[in-house]
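Commentary on secondary and tertiary structure
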Amino acid sequence: MSDEELLKTIQEKFKDAVRIENKGNLAVSVNKNEILSLITFLSGEPLLFDWMNFMTAVDKMESGTMELVYQFYSFSNKTKLTVKTEVSRDLGVVDSVCGIYPTAEWHEREVYDLFGIIFKDHPDLRRIMMPDGFTGHPMRKDYKDENLVRLESPWQ
Amino acid sequence: MEERNFKMALLERVPAILEKVPCGKPIDDMVNMVYNWGRRNSVWPLLCGFACCAIEMMSACASRFDIARFGSEAFRASPRQADLIIVSGTVNFKIGECLKRLYAQMAEPKYVIAMGSCAVSGGPFYYDSYSVVKGVDKIIPVDVYLAGCPPRPDALLHALMTLQKKIDKERIGKNRWNKRYE
């Protein structure tokens, strides 16, 4: 199905879904309260997005939010879709999608480890990459450490 | 550590005896030359590659750039049986703990070659990285530094030759691992 049909199918059920610019690919932005119901709908019968490619986060300091990015692909319909939400920067809490896509367990652990976003109803939310006993969330833009040497400009 | 009672090996007492004998110095030089010749021509590295420089290390061990003609015929998987550790690749904090343990488990005499930019100084990950150790000499003492990203296999052979020249200059009984006898 084409991009417009896909967008219309989503916007029939979720009135707040907004199409955003993503280099020509289809990207849909929703409120964070609706993310679990949207993803349940996406994995269901008409659309059949059965593969979650990845899930990451982007730290936006100016607007004080972090943006979660999910990417889906459907093998039967051969379409792809990106879903984005905004979460607050200080102690943001989002629903976990582990019940629908089991691969999200490790993706959400990585986002928790590096950004500090907490996922409700996650079976095992703990650090996955950094060493045990590490404090802090390294991929935040205001992370400071004695080992972290920033390069202000490569052309000094 | 200081309470242990060290007994000097027999060969390591030889220089102290030879100093007093009249024709001692040329004999001392000859003994050192033979001893070091045996050691420098059979440096056996540890079979442990860390990252991309390990590919160049493997290619130095293959047939085109043969490292076996320099004596490194056998790469030993156990640190207890290895003489040399070639730190070939980026070292994080997590793997740095393991590296320290591997170095501590090696028996003296032991040597370290820091291969590639990441092992020498953190390399391209010096800036904007929260997990890379900026130079492996913050963890273990290094004998030979080899620059490159990655260095060619012939550059690794040159580093091995530099290490062999360094071994030639050592004296029995006056090494850095005999310092506890002073």
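Preceding block: the structure.
To start, this report covers the structure provided alongside it. (Residues numbered from 1 in each chain as written. Chains lettered and ligands numbered in written order. Predicted model: local features only at pLDDT ≥ 70, side-chain atom pairs only at ≥ 80, totals over all residues. Heavy atoms only, no water.)

Helix and strand counts for chain A stand at three helices and seven strands. Going from the N terminus to the C terminus, chain A shows its helices and strands as α-β-β-α-β-β-β-β-α-β. Taken over the C-alpha atoms alone, chain A extends approximately 50 × 40 × 25 Å along its principal axes. Counting every position in chain A, which comprises 156 residues, the buried fraction comes to 40%. If you take every contact in chain A between residues at least 6 apart in sequence, the share linking residues at least 24 apart comes to 48%. As displayed, chain A offers around 8900 Å² of accessible surface, 53% of which is attributable to carbon and sulfur atoms. Mean positive and mean negative side-chain charge positions of chain A (19 and 26 charges, respectively) differ by 2 Å. (Helix = DSSP H or I, 4+ residues; strand = E, 2+ residues; numbered from the N terminus. Buried < 20%, exposed > 50% of the residue type's maximum accessible area, 1.4 Å probe, protein only. Contact = heavy atoms within 4.5 Å. Areas by Shrake-Rupley, 256 points an atom, 1.4 Å probe, with all protein chains shown as cover. Lys, Arg positive; Asp, Glu negative; His and termini not counted. Charge placed at Lys NZ, Arg CZ, Asp CG, Glu CD.)

So, about the interface of chain B and chain A. Of the residues lining the interface, eight residues belong to chain B; the matching set on chain A comes to 13 residues. Taken as a group, Lys94(B), Asp128(B) and Tyr130(B) account for 62% of the area that chain B buries against chain A, more than any other trio of residues on that side. Applying the counting rule to chain B against chain A returns one salt bridge. Here Asp128(B) and Arg150(A) are joined by a salt bridge, their closest N and O atoms 3.3 Å apart. Scanning the region where chain B abuts chain A turns up four residue pairs in polar contact (both at pLDDT 80 or more). Broken down by class, the residue content of the side of chain B that touches chain A amounts to four nonpolar, one polar and three charged. (Buried area = accessible area lost by both parts, 1.4 Å probe. Salt bridge = Lys/Arg side-chain N within 4 Å of Asp/Glu carboxyl O. Polar contact = N/O pair within 3.5 Å; in protein donor to acceptor, adjacent residues only side chain to side chain. Nonpolar A, V, L, I, M, F, W, Y, C, P; charged D, E, K, R; others polar.)

What follows deals with the sheet that holds strand β2 (residues 111-115) of chain B. Residue and element names in this part refer to chain B. Ordered in space as β1-β2-β3, the three strands form an open sheet in which the pairing is parallel. At either margin of the open sheet sits one strand with a lone partner, and together these are β1 (84-88) and β3 (144-146). Strand after strand, the sheet turns through a mean of 15° between neighbouring axes, direction not considered. Here β1 runs beside β2; their pairing, made up of five bridges, is parallel. Paired with valine 87 across the bridge in β2 is alanine 114. In the packing of helix α3 (residues 53-61) onto the sheet, contacts are made with β1 and β2, and the angle to β1 comes to roughly 130°. (Pairing = 2+ DSSP bridges. Axes fitted to C-alpha atoms, helices over the stretch in contact; angles between N-to-C directions.)

Before going further, it helps to spend a moment on unusual backbone geometry. In this structure, Pro109(B) follows Glu108(B) across a cis peptide bond, with omega equal to -5°. A cis amide bond links Cys149(B) to the next residue, Pro150(B), at an omega of -10°. Its location among the elements puts Pro150(B) in the loop between β3 and α6 (153-168). Of note in this structure, Lys78(A) is not a glycine but carries a positive phi near 55°. Inspection of the secondary structure puts Lys78(A) in the loop between β4 (65-74) and β5 (79-88). Even without a glycine there, the phi angle at Asp121(A) is positive, about 60°. Checked against the element boundaries, Asp121(A) lands in the segment after β7 (118-120). Judged by its relative accessible area of 70%, Asp121(A) falls in the exposed class.

Another point: the sheet that holds strand β3 (residues 51-60) of chain A. Residue and element names in this part refer to chain A. Taken together, the five strands give an open sheet; going across it, the order is β1-β2-β5-β4-β3, and neighbouring strands pair in mixed fashion. Of all the strands in the sheet, the pair left with one neighbour each is β1 (18-20) and β3. Strand-to-strand twist in this sheet, taken as the mean axis angle between neighbours without regard to direction, amounts to 30°. Pairing analysis gives three bridges linking strand β2 (residues 27-29) to β5, with the strands arranged parallel. Counted as the bridge partner of serine 29 is lysine 84 from β5. Along the sheet, helix α3 (residues 104-115) makes contact with β3 and β4, crossing β3 at roughly 10°.

Before going further, it helps to spend a moment on the packing of helix α2 (residues 24-40) of chain B against α6(B). All names here are of chain B. Put simply, α2 and α6 touch, their axes get as near as 9 Å, and they point 155° apart. One element, α2, and the other, α6, form an angle in the roughly antiparallel class. Crossing of α2 against α6: the hand is right-handed. Of the residues in α6, those touching α2 at Asn36, Arg39 and Arg40 are Gln164, Ile167 and Asp168. A per-class count over the contact of α2 with α6 returns one nonpolar, two polar and three charged. (Parallel < 35°, antiparallel > 145°, perpendicular 65-115°, else oblique. Left-handed = near helix turned anticlockwise from the far one by under 90°.)

Here we come to the pattern of salt bridges. Per the stated rule, a full pass over the model turns up 14 salt bridges over all chains. Between Asp59(A) and Arg89(A) there is a salt bridge whose closest N-O contact spans 2.8 Å. Here Asp59(A) is found in strand β3, whereas its partner Arg89(A) is found in the loop between β5 and β6 (93-95), with 30 residues between them in sequence. The buried category is assigned to Asp59(A), whose relative accessible area is 5%. Between Arg126(A) and Asp124(A) there is a salt bridge, with the nearest N and O atoms lying 3.0 Å from each other. One network of salt bridges, with partners in common, ties together Lys25(B), Asp28(B), Asp29(B) and Arg171(B).

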